[in-house]
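A closer look at the structure
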Amino acid sequence: MKKLGEPMKYIKFFKNISLDQIPLVGGKNAALGQMIQDLASSICIPQGFAITVDAYTYFIQANGISLQAAPAVIRESIIQSKFPQDLQDEIVAAYQNLSKEYHQENLSVAVRSSATTEDLPSASFAGQQESFLHISGFQHLLESIKKCMASLFTDRAVAYRNEKGFKGSDISISVGVQKMVQADDAVSGVMFTLEIESGHPDFITINSAYGLGEAIVGGKVNPDEYMVHKPTVRQGYKPLVKKLCGDKQVKAYYEPKQKNVAFAPVPLDARNTFCLSDDQIFELARYGMIIEDYFSQRKGSWCPMDIEWAQDSFDKKLYIVQARPETVHAQEDKQKLKIYQIVPKNLPNPLVCGLSIGRKIVSGAVKIILEPSDTQSFNQGDILVTTMTDPDSVPLMKIAGGIITDQGGRTCHAAIVARELGVPTLIGTGNATNILKDGQTITLDCSSGSEGMVYPGILPFKIQQISLESSEKMPVHLLVNIANPESACEISLMPLDGAGLVRLEFIIAQRIGIHPMAIAFPEKVSDEAFIKRAHQERQRYGSLKDFYQEVLSQDIGLIAASFYPRPVIVRLTDFKSNEYRNLLGGCVFEPQEENPMIGFRGASRYCDPSYKAAFTLECQAIKRAREIMGLENIIIMVPFVRTLAEAENTLKILAQNGLERGKKGLKIYLMVEIPSNVILLERFAEYFDGFSIGSNDLTQLTLGIDRDSSMLRNLFDENDPAVKILIEQAITRAHAIKKYISICGQAPSDFPEFANWLIAQKIDALSLNSDAIVPFIKRYIGSEERK
């Protein structure tokens, strides 16, 4: 038996390993060792040791195992063979040494593969080799090491290596033995140092769930999801711009009797609350940034990272257990932007919805696969529909046109592999295997943000590819109108100068769904749906006011962070009373108006004492995004200001709520959408830093047309001479007093000739709907399109 402290030939402790030893210990172990050497003072990383590639080679040769045999034969030979005595002695001595370091006898450890071609920038090898958790005692450890080596020769691992161009002789394996972070009664998860769908580099994305990480990676749960904005974190702010509560129905834990990972249901109260505190989220984000910065510096260019973390149930600390280069977006051509878009405007109701992966659209026949063996009838291009994929599903995933699962979150196995394969995927639908029918023709749309849809039949779609390399300059500043925060990361990567209109009312309708006065005065609402929802949000956020302000500020923040430091113009809420009534609790607080279009809306609502409590909540959310998150690129825009008195009063109320014009660089714009705004533009300019033309309402009020009236639809025309005269006057007079002016109305999005006319009037910027951006850019920097 080798004594503690004696030199070892086949063992390397993490603290003595560096990245230049990948051929000896594999990518995973080398990264851990280098981090322990250089980052241990900043990050908690469990100690451990590597059984080297030389040890693996020695084991194979000593037992006469032929690597030319069939994979199944090789696996069985490895498991049945014995370690040479000197190698076994070193492994046992290293394990005893590690146990002693942590003052435990038979320390619980994790045993993971670290193949020489694994966790490299060009190939992740996600899930191809096996890992073994809660291993205790040297006999159990030796068995697990052999199983880990044998997993190098599973059918899926061999197929993956062949596809990636690695020959059998190119691959060897090291095994990592690491002190187990016992998260069974705590939390664990995955972290990426980018936004995982668009590849936006300015974010940290964190997923978390209760128990061991196998629940997330295996797609057993829809985890909590958080996003943190890196640039403003570095400035000392706390920009938590996304915080979504997943269902977390089960947790993974180690079952001692079975000596295996098992799953247990999570109590409902725990499922309905976030499993990380804000402080823990920022601690993990700090770890992620340190790791990314470190590997980027070594690489000499940006190196986004895929990181696994866990909280220990006993000391409650957060540990990094793995870190590897992200392999999908790091290899993308950043000078090409490919946009998928369904052609029909009036779509059928979706059959199922879920989390979208892949930003693509595909049509094909459904093939439901519930058992791994049921694959004979699966054809290239079929849509794979299953409960959840695992590493054995990869051969099918490679030939599938698309993938749909009942279970999983954005960092489960299906999501990771689908991104690498470039296959559009819908995760966590809940019931796709029950709703969809075998052989049914469907269209899978993953192109419109974080939520994807499945539609019946084959729907036509187009693909537009934009080159971002062209040096041709667009003739005007180009902005985008945006309402869905989930699409902001993707859209912000286009060659845009910012966001010209953020519609808060859409965020409130889609994400909050509760009338703001009901948030302020919940005791006045007796509706059962409201009471149930209010209870759920109190569980998660503590109070309804905190829920409203956090969610609204985070959605504003996600949009502003996506474009940062480019300007983002946030329009104050412009619901009409009939739209407010549709929110939970709305019927209690909203009047019945004959013509809401010219009723209680915009500035008149903000200035009304009856609405004060609701407007205060809105102001505090914007203030939070600017001052707590550090997103000072946010510009406020005030809509539907009828009179100068309303302008003056609105600015006073904003200042009373901490949003004072000019303070901390805050700019406030006026939405020019009422003829009085044009007629008195110079007077309004005394209160505002700039203007944005709302052509929809300006047309309505110039021509005296209710734009909601189907009977008058044919008369509604932004090209009417009266409307264009007012717009031309607004642009000319704004420039005469050196004030910024843009347009965010519908007209330039719908009519290219109208956009050209605005450019001829020398408007400062056009803010177009997102689906109009690509056609506009095509005229100036080129694109390729096909259907």
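Everything discussed here concerns the structure shown above.
In this text the structure is predicted, and so the values were computed from the model without any measurement.

1. Describing the pattern of salt bridges
Summed over all chains, the structure comprises 30 salt bridges. In this structure, Arg 234 and Asp 293 form a salt bridge, with 2.9 Å as the shortest nitrogen-oxygen distance. With Arg 234 in the loop between helix H8 (230–233) and strand S9 (240–244) and Asp 293 in helix H10 (residues 278–299), this pair connects stretches of sequence that are 59 residues apart. Owing to a relative accessible area of 48%, Arg 234 belongs among the partly exposed residues under this scheme. A salt bridge links Asp 697 to Arg 707, with the shortest nitrogen-to-oxygen separation between them at 3.2 Å. One end of the pair, Asp 697, is in helix H26 (residues 695–703); the other, Arg 707, is in the loop between H26 and helix H27 (721–736), with 10 residues separating them in the sequence. Look at the salt bridges and you will find they share partners, linking Glu 197, Glu 225, Lys 242, Arg 410, Arg 419 and Glu 486 into a network.

2. Details of helix H23 (residues 644–656)
With 13 residues, H23 ought to run about 18 Å at 1.5 Å a step, and its terminal C-alpha atoms sit 19 Å apart, in line with that. Along H23, the positions that sit buried rather than exposed are Leu 644, Glu 646, Ala 647, Thr 650, Leu 651, Ile 653 and Leu 654. Looking at the packing, one finds that the buried side of H23 touches helix H21 (603–606), helix H22 (612–628), strand S26 (634–638), strand S27 (668–672) and helix H25 (681–684). Of the residues one or two after H23, Gly 658 is the one with positive phi, at around 85°.

3. Structural notes on the packing of helix H15 (residues 504–512) against helix H18 (residues 544–563)
Contact geometry of H15 with H18 gives a least axis separation of 10 Å together with a crossing angle of 125°. Classified by the interaxial angle, the pair formed by H15 and H18 is oblique. The element H15 and its partner H18 pack so that their crossing is right-handed. Of the residues in H18, those touching H15 at Leu 504, Ile 507, Ile 508, Arg 511 and Ile 512 are Phe 547, Tyr 548, Val 551, Leu 552, Asp 555, Ile 556 and Ile 559. When its residues are assigned to classes, the contact of H15 with H18 shows 10 nonpolar, no polar and 2 charged.

The rules behind each value
Residues numbered from 1 in each chain as written. Predicted model: local features only at pLDDT ≥ 70, side-chain atom pairs only at ≥ 80, totals over all residues. Heavy atoms only, no water. Salt bridge = Lys/Arg side-chain N within 4 Å of Asp/Glu carboxyl O. Helix = DSSP H or I, 4+ residues; strand = E, 2+ residues; numbered from the N terminus. Buried < 20%, exposed > 50% of the residue type's maximum accessible area, 1.4 Å probe, protein only. Expected span 1.5 Å × (residues − 1). Contact = heavy atoms within 4.5 Å. Axes fitted to C-alpha atoms, helices over the stretch in contact; angles between N-to-C directions. Parallel < 35°, antiparallel > 145°, perpendicular 65-115°, else oblique. Left-handed = near helix turned anticlockwise from the far one by under 90°. Nonpolar A, V, L, I, M, F, W, Y, C, P; charged D, E, K, R; others polar.

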